[in-house]
Structure formats: structure tokens, C-alpha cells
Amino acid sequence: MRIVFLGAPGSGKGTQSQRLIERHGIPQISTGDLLRAHVRDGSELGRRAKAVMDAGQLVDDATILGMVRERLAAPDASRGFILDGFPRTIPQAEGLAAMLGEIGQPLDRVVLFEVDNGLLLKRISGRRSCQDCGRVFNVHTAPVPVPPPCSGQCTTPRLVQRPDDSEDTVAKRLAVYEAQTSPLVGFYEARGLLRRVDADASLEQVTERVEAALG
Ligand code: AMP
């Protein structure tokens, strides 16, 4: 299946992607993760993207579309994928449709994760990830077990907050979502692809609702 997960930062797209990829045998493609890997590697693209990301703004469409085109060409994406955090603008959605049109493999579904803003702020401010393996926890909703489950693989699990998860930047990211990404709801609704999921529930319940939306 070729799926897009749409929703504000902190709506649970990444967490649910990770739960669904095993069951469906398809990869999660997160443009945020791809960009953070570039930043870690110190690539040219990473250096350009870092300041934009730290300010809570969007990286330019051409850069994102080039990165996604390359990722979709990898063999593991031929069976389908979950796009997480992409597209984020109408030009990105149009670019994606053109790319998938070229290979005759259009999107099957777009799942919209609906969560109210107060909860988003709480979820994002509590988010912590292991600096070594990237595993994500939440001090409010998914407390970190002691010892952390990754301590077998990671010699010294170090939990860190993403620089763009600070309160100021989160407010900026939510405003950017409203202005630039929320128009995608109408875009995909008009194409008959959109399914809405109330994402204000337990992890298990949201997974069930997403599965139902995909079915
Ligand atoms: P995320 O992990 O999806 O919250 O993304 C973190 C940051 O990476 C965003 O705040 C943007 O600065 C950048 N980013 C990720 N995906 C995109 C995208 N599709 N378009 C533009 N910028 C993006």
C-alpha cells in the first residue's frame, strides 16, 4: 500500500508508522528523519537544512522533492510505503502525484491524524529520544522504563530533546502546519483519498482506528 500520514507535529504519525510498518512489510519514509540524518552526517544539504529546521520553518520544496525521489527509488519502497511528514505543502503534494504518476503507482490512502492543539503541545514537550538508536519516548504519555529497552544495544542510552521541540519552536511549527500543511486536507479530500482518524486515544486504539481507515 502507498500511504500518506498527515497531521500536525506531535499527532502521533511517527509512532503509528513504526507500529504499522512491521505488520504491513513496508518502510516508513519520514522526511524529518532523512533531514536529521543529513544534519548528523554534516552533508551540504544537512548544513543548509539545519537553520531552517531549528527555526521551525519548512525546508524548500525542491530539496524535499529531490530527497524523496531518491528514497522512493530504493528497492524496499517498491512494495509500498508510509510517508510520514511529507508532503507538507501543496507543491510537494503535486510533485509527489507527478512522481507516482510516472511509475503508474498512485497513492492508495491519506490518513489524517486529528488531535487538539493543547494535547499536541503536551505531547511534543514531553518527547525524548535516545541519542544513539533514535527510539522515541514521552515523559507524559509513554514514560521511559528503567532501564530503557534500548540499553541492550546502546551502551549508555542518552535521552535528549530535539532542538526544535522547545516550546517556542513548537508554537512556530504548529502555525506553519496551519498555514502551509492544513490545505492538504482539502487537496486529498477532493481526490477521495482522505480518511480522518481521531488520534486522541491510547496507542493501541489509534492503531486500530488507523488500520480501519486503511482497510
Ligand atoms: P518532523 O520530524 O516531521 O517534525 O520534521 C522536522 C523538521 O524538518 C520540520 O519542522 C521541517 O523544518 C523539516 N521538514 C520535515 N519534513 C519536511 C517537509 N516535507 N517539507 C519541509 N520541511 C520538512
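Look above for the structure.
First, a word on scope: everything that follows refers to the structure included in this document. Everything numeric in this text was worked out from a predicted model, so none of it was measured.

Right, let's get into the packing of helix α1 (residues 13–24) against helix α9 (residues 203–214). Pairs of packed helices are described in terms of their axes, by the angle between the two and the distance that separates them. At a minimum axis separation of 10 Å, α1 and α9 run at an interaxial angle of 60°. Judged by the angle between their axes, α1 and α9 are oblique. As for the relative orientation of α1 and α9, their crossing is right-handed in sense. Residues T15, Q16, R19, L20, R23 and H24 of α1 lie in contact with α9, whose contacting residues are L203, E204, V206, T207, V210, E211 and L214.

Taken together, five strands build an open sheet; the order of strands is β2-β3-β1-β4-β8 and the sheet is parallel. Where the open sheet ends on each side, the last strands, each with one partner, are β2 (28–30) and β8 (194–198). On average, each strand axis in the sheet is tilted by 25° relative to the strand beside it, whichever way the strands run. One ladder, built from four bridges, connects strand β1 (residues 2–7) with strand β3 (residues 81–84); its direction is parallel.

With that out of the way, let us pick up the layout of surface pockets. Its boundaries defined by the atoms lining it, the second largest pocket holds a volume of some 180 Å³. If you trace the second largest pocket, you find it lined by R2, R69, L72, A73, A77, S78, F81, M99, L100, E102, I103 and Q105. For the lining of the second largest pocket, the elements supplying multiple residues, two or more each, are α4 (61–72) and α5 (90–102). Examining the composition of the lining of the second largest pocket, we find that three residues originate from one element, α5, more than from any other. Residue composition of the lining of the second largest pocket, by class: seven nonpolar, two polar and three charged.

The subject of this paragraph is helix α7 (residues 167–181). Helix length check: α7, at 15 residues, gives a terminal C-alpha distance of 20 Å against a target of 21 Å (1.5 Å per residue), a fit within 8%. Looking at the buried positions of α7, the neighbouring elements they touch are β1, α3 (44–54), β4 (109–114), α6 (117–125), β5 (127–130) and α8 (183–190).

Looking now at the site of the ligand. In the vicinity of the ligand there are 16 residues, among which T31, R36, Q57, G85 and Q92 approach most closely. Measuring from a nitrogen atom of the ligand, one finds a side-chain N or O atom of T31 at 2.8 Å. For the ligand, whose unbound accessible area comes to 480 Å², protein coverage reaches 95%. Broken down by element, the residue count for the shell around the ligand peaks at four residues, all from helix α2 (residues 31–41). The residue makeup of the shell around the ligand, split by class, is six nonpolar, five polar and five charged.

Scoring rules and cut-offs
Residues numbered from 1 in each chain as written. Predicted model: local features only at pLDDT ≥ 70, side-chain atom pairs only at ≥ 80, totals over all residues. Heavy atoms only, no water. Axes fitted to C-alpha atoms, helices over the stretch in contact; angles between N-to-C directions. Helix = DSSP H or I, 4+ residues; strand = E, 2+ residues; numbered from the N terminus. Parallel < 35°, antiparallel > 145°, perpendicular 65-115°, else oblique. Left-handed = near helix turned anticlockwise from the far one by under 90°. Contact = heavy atoms within 4.5 Å. Pairing = 2+ DSSP bridges. 1 Å grid on protein atoms, 1.4 Å probe; cavity = no way out; pocket = protein on both sides within 12 Å on 5 of 7 lines; lining within 4 Å. Points joined across faces, edges and corners; volume = space filled by probe spheres on them. Nonpolar A, V, L, I, M, F, W, Y, C, P; charged D, E, K, R; others polar. Expected span 1.5 Å × (residues − 1). Near = heavy atom within 4 Å. Polar contact = N/O pair within 3.5 Å; in protein donor to acceptor, adjacent residues only side chain to side chain. Areas by Shrake-Rupley, 256 points an atom, 1.4 Å probe, with all protein chains shown as cover.

Remember that the coordinates give geometry; whether it matters functionally is a separate question.
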